[in-house]
Amino acid sequence: MKTVTIIDKAKAAKRLQENEDFKLIMSSIEDDIFASFKAVSIGDNEKLSNVHALSHGFKLVNDRIAKYIELAIFEARKEEISEE
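Reading the values: rules and limits
- Residues numbered from 1 in each chain as written.
- Predicted model: local features only at pLDDT ≥ 70, side-chain atom pairs only at ≥ 80, totals over all residues.
- Heavy atoms only, no water.
- Helix = DSSP H or I, 4+ residues; strand = E, 2+ residues; numbered from the N terminus.
- Buried < 20%, exposed > 50% of the residue type's maximum accessible area, 1.4 Å probe, protein only.
- Contact = heavy atoms within 4.5 Å.
- Areas by Shrake-Rupley, 256 points an atom, 1.4 Å probe, with all protein chains shown as cover.
- Patch = residues over 30% accessible without salt bridge, like charges linked within 9 Å, V, L, I, M, F, W, Y side chains within 5 Å.
- Salt bridge = Lys/Arg side-chain N within 4 Å of Asp/Glu carboxyl O.
- Core = buried A, V, L, I, M, F, W, Y, C linked by side-chain atoms within 4.5 Å.
- pLDDT = per-residue confidence, 0-100.
- Expected span 1.5 Å × (residues − 1).
- Polar contact = N/O pair within 3.5 Å; in protein donor to acceptor, adjacent residues only side chain to side chain.

1. Section: the overall build of the chain
Scanning the chain for helices and strands turns up three helices and zero strands. Listing the helices and strands of the chain from first to last along the sequence gives α-α-α. With the C-alpha coordinates of the chain rotated into their principal frame, the extents come out at 60 × 30 × 25 Å. Put simply, the chain has 84 residues, and 13% of those count as buried. Summarising the internal contacts of the chain: among those between residues at least 6 apart in sequence, 65% fall at separations of at least 24. If you sum the accessible surface of the chain, you get close to 7,000 Å²; carbon and sulfur atoms cover 57% of it.

2. A closer look at a nonpolar patch on the surface
On the surface, Phe34, Phe37 and Leu48 cluster together to form a nonpolar patch covering roughly 290 Å² of accessible area. Within the secondary structure, Phe34 is located in helix α2 (residues 20-38). Its relative accessible area of 48% is what places Phe34 among the partly exposed residues.

3. Things to note about the nonpolar core
One finds Ala13, Phe22, Met26, Ile33, Val40, Val51, Phe58, Ile65 and Ile69 forming the largest nonpolar core, which totals nine residues. Elements supplying a minimum of two residues to this core: α2 and α3 (45-83). At four residues, α3 tops the list of elements feeding residues into this core.

4. Topic: the confidence of the model for the chain
This prediction gives the chain a mean pLDDT of 91; 94% of its residues lie at or above 70. Predicted confidence in the chain is weakest over α3, with a mean pLDDT of 90, and strongest over α2, with 97.

5. Topic: α2
Counted at 1.5 Å a residue, the expected span for α2 with its 19 residues is 27 Å, and the 27 Å between its end C-alpha atoms agrees. The N-capping residue of α2, defined by a side-chain oxygen 2.8 Å from the backbone nitrogen of Asp21, is Asn19.

Put into structure tokens, the structure is as follows:
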């Protein structure tokens, strides 16, 4: 099994963030989640909870992608400091 480094994850995350197809799909998913939220009837707590879970999962994916990039930047800076 190949070990994936922080830098490997960051590069893949950055490519993904910049990929036009990925942006389109993520925007479409976000629109779908918002449409689902608007369609929830007042008092339908179960459906509202499900839409909230979808929204939270969507946010977690975006946050994880950003975190991979942040970690690589942190590691690169740490290496620069240790080389000085």
